[in-house]
Amino acid sequence: MPPVTEIRIDKSEHTLDLVASGEIVRSYRVALGPGGPGPKRYEGDKRTPVGTYRVAGRINGLFHRFLIVSYPNEEDRARFAELKRRGEVPPGRGVGHSIGIHGVGSAQLAGVHKESDWTLGCIALDDDEIDEIARRTPDGAKIVITD
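Residues numbered from 1 in each chain as written. Predicted model: local features only at pLDDT ≥ 70, side-chain atom pairs only at ≥ 80, totals over all residues. Heavy atoms only, no water.

> Honestly, a nonpolar patch on the surface in this entry has me stumped. Any pointers?
A contiguous nonpolar surface patch, about 310 Å² in accessible area, is contributed by I59, L62, F63 and W118. On the secondary structure map, F63 appears in the loop between β4 (51-61) and β5 (64-69). By relative accessible area, which is 36% here, F63 ends up partly exposed. (Patch = residues over 30% accessible without salt bridge, like charges linked within 9 Å, V, L, I, M, F, W, Y side chains within 5 Å. Areas by Shrake-Rupley, 256 points an atom, 1.4 Å probe, with all protein chains shown as cover. Salt bridge = Lys/Arg side-chain N within 4 Å of Asp/Glu carboxyl O. Helix = DSSP H or I, 4+ residues; strand = E, 2+ residues; numbered from the N terminus. Buried < 20%, exposed > 50% of the residue type's maximum accessible area, 1.4 Å probe, protein only.)

> Would you take a moment to explain unusual backbone geometry for this structure?
Leaving glycine aside, a negative phi is the common case for residues, and trans is the common case for peptide bonds. Here the residue pair Y71 and P72 is connected by a cis peptide bond, since its omega of 0 degrees sits within 30 degrees of zero. Here K46, not a glycine, exhibits a phi torsion of approximately 60 degrees, which is positive. Structurally, K46 can be placed in the loop between β3 (23-29) and β4.

> What's the story with the pattern of salt bridges in this structure? I'm lost.
Opposite charge on two side chains allows them to pair when their charged atoms are near. Per the stated rule, a full pass over the model turns up 15 salt bridges. With a closest N to O distance of 3.2 Å, E132 and R26 form a salt bridge. Placement of E132 in helix α2 (residues 127-136) and of R26 in strand β3 is noted, with a sequence separation of 106 residues between them. The exposure class assigned to E132 is buried, which follows from its relative accessible area of 15%. Residue classification places R26 among the partly exposed residues on the basis of a relative accessible area of 32%. With a shortest N-O distance of 3.2 Å, E88 and R41 are connected by a salt bridge. Note that E88 is positioned in the loop between α1 (74-85) and β6 (100-102) and R41 in the loop between β3 and β4, a separation of 47 residues in sequence.

> Would you mind showing me how to read the nonpolar core here?
Burial of nonpolar side chains together is a common tendency in soluble globular proteins. Ranked by internal contacts, the top residues of the largest apolar core, which has 28 residues, are I7, I9, L16, I101, I133 and I143. For this core, the secondary structure elements donating two or more residues are β1 (6-10), β2 (15-20), β4, β5, α1, α2 and β8 (142-146). For this core, the leading source of residues is α2, giving 3 residues. Not counting chain neighbours up to four residues away, the residues in contact with I143 comprise I7, I9, G51, T52, Y53, R54, V55, V69 and I101. (Core = buried A, V, L, I, M, F, W, Y, C linked by side-chain atoms within 4.5 Å. Contact = heavy atoms within 4.5 Å.)

> Any chance you could explain the packing of aromatic side chains here in plain terms?
Scanning the model with the defined rule gives 2 aromatic pairs in all. Ring centres of Y53 and Y71 lie 6.1 Å apart, and the angle between their planes is 55 degrees; on these two criteria the pair is classed as tilted. Of this pair, Y53 sits in strand β4 while Y71 sits in the loop between β5 and α1; the two residues are 18 residues apart in sequence, bridging distant segments of the chain. Like Y53, the residue Y71 is buried in the burial classification. (Phe/Tyr/Trp six-rings, centres within 6.5 Å; stacked < 30°, edge-to-face > 60°.)

> So what exactly am I meant to see when it comes to the sheet that holds β4 here?
Remark on secondary structure: sheet strands pair via backbone hydrogen bonds, oriented parallel or antiparallel. If you trace the 8 strands from one edge of the open sheet to the other, you get β3-β2-β1-β8-β4-β5-β6-β7, paired in mixed fashion. Here the strands that pair on one side only, and so sit at the sheet edges, are β3 and β7 (123-124). Relative to β5, β4 runs antiparallel, the two sharing 5 bridges. In the strand pairing of β5, V55 is matched with V69. Sheet strands touched by α2: β1, β2, β3, β4, β5 and β6. Its angle to β5, the strand with the most contacts, is close to 50 degrees. (Pairing = 2+ DSSP bridges. Axes fitted to C-alpha atoms, helices over the stretch in contact; angles between N-to-C directions.)

Have a look at this one:
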């Protein structure tokens, strides 16, 4: 199996696709943040970001397994600065951080957790699914999140 070069997440479809050699090799259903469509605006808005990122590392044991998304990128920082300038960011809020693609850490929640959007902006799958994604996807792989 060729290594995954890109992860594509479609928020409106609640899907995550693994791409290798330009072809989708596996698709999963995911749970997201309940903040709705559009890019993440600030910390605590519960939105899953929209944009192009990278796998920036991994943490084993956090929600079973956690692939770190390189949020915020330059576009996110610029959007946040503009929102802040216009007074549209609640006091004390930053741009946000710690976005990841992760499991649930519970066999009992497998599949069930995908019936609603429950994360703080992350992308959640079943533990066996994040294990497969982590195994096939190297650090540095591209992540594209769209509405």
